[in-house]
Amino acid sequence: MSEHRKPRELVLYFTPIYNILIQNWFLEPTEKLLAAIFASSPNSECTLSREVLKKHCRCGPYYLQRAIKRLEIIS
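About the criteria used
Residues numbered from 1 in each chain as written. Predicted model: local features only at pLDDT ≥ 70, side-chain atom pairs only at ≥ 80, totals over all residues. Heavy atoms only, no water. Disulfide = S-S within 2.5 Å. Buried < 20%, exposed > 50% of the residue type's maximum accessible area, 1.4 Å probe, protein only. Helix = DSSP H or I, 4+ residues; strand = E, 2+ residues; numbered from the N terminus. Expected span 1.5 Å × (residues − 1). Arc of directions from axis to C-beta. Contact = heavy atoms within 4.5 Å. Salt bridge = Lys/Arg side-chain N within 4 Å of Asp/Glu carboxyl O. Core = buried A, V, L, I, M, F, W, Y, C linked by side-chain atoms within 4.5 Å.

Student: How do you make sense of the state of the cysteines when you look at a structure like this?
Tutor: One pass over the structure, following the stated rule, counts zero disulfides. Cys46 forms no disulfide, and the closest cysteine sulfur to it belongs to Cys57, at a distance of 9.7 Å. By relative accessible area, Cys46 is classed as partly exposed at 27%.

Following this line, the structure appears as structure tokens:
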């Protein structure tokens, strides 16, 4: 039984946040995910609540707040 597998796809994010490199070594996974969510929001305005962001990032309130603060400092 042979399955036809698709080649691995590379997901690219084109972001207006030019100071942040998503593929960077000093960003934690939560920060990378938040940067991608913020960049993909229309008009660069994220309307998601903190509860929804915590569910997307699978983290608690402390780590979400920490990631948001670190992204504010970096950008």
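Student: Got a minute to help me understand helix H3 (residues 61-74) in this structure?
Tutor: For an α-helix the count is 3.6 residues per turn, leaving residues at separations of three or four pointing the same way. In this model, H3 (14 residues) spans 20 Å end to end at C-alpha, consistent with the 20 Å of a helix rising 1.5 Å per residue. Restricting attention to buried positions, one finds in H3 the residues Leu64, Ala67, Ile68 and Leu71. Taken end-on, H3 shows its buried residues confined to a sector of 100 degrees, consistent with a single buried face. Facing away from the buried surface of H3 by more than 90 degrees, the exposed residues are Tyr62 and Ile73. Where the residues of H3 are buried, they touch helix H1 (29-40) and helix H2 (50-57).

Student: Just to check I follow, could you spell out the pattern of salt bridges for this structure?
Tutor: Charged atoms that come close allow side chains of opposite charge to pair. With the rule as written, the count across this model stands at five salt bridges. In this structure, the salt-bridge partner of Glu28 is Arg70, at a minimum N-O distance of 3.5 Å. Linking Glu28 in the segment before H1 with Arg70 in helix H3, this pair joins segments that are 42 residues apart in sequence. Between Lys69 and Glu72 there is a salt bridge; the shortest N-O distance is 3.8 Å. Residue Lys69 and its partner Glu72 are located together in helix H3, separated by three residues, close to a single helical turn. Residues joined by salt bridges that share partners form a network here, namely Glu28, Glu31, Arg66 and Arg70.

Student: Sorry, what's going on with H2 here?
Tutor: Three or more residues of H2 are buried, namely Leu53, Lys54 and Cys57. When H2 is viewed along its axis, its buried side chains cluster within an angular range of 105 degrees and face the same direction. Elements that come into contact with the buried residues of H2 comprise H1 and H3. Following H2 by one or two positions, Arg58 adopts a phi angle in the positive range, close to 55 degrees.

Student: Can you help me understand the nonpolar core in this one?
Tutor: One recurring pattern in soluble globular proteins is that nonpolar side chains are buried together. Residues Leu27, Leu34, Ala35, Ile37, Leu53, Cys57, Cys59, Leu64, Ala67, Ile68 and Leu71 constitute the largest nonpolar core, which totals 11 residues. Broken down by secondary-structure element, the contributors of at least two residues to this core are H1, H2 and H3. Non-local contacts of Ala67, meaning those with residues more than four positions away in its chain, are made with Thr30, Glu31 and Leu34.

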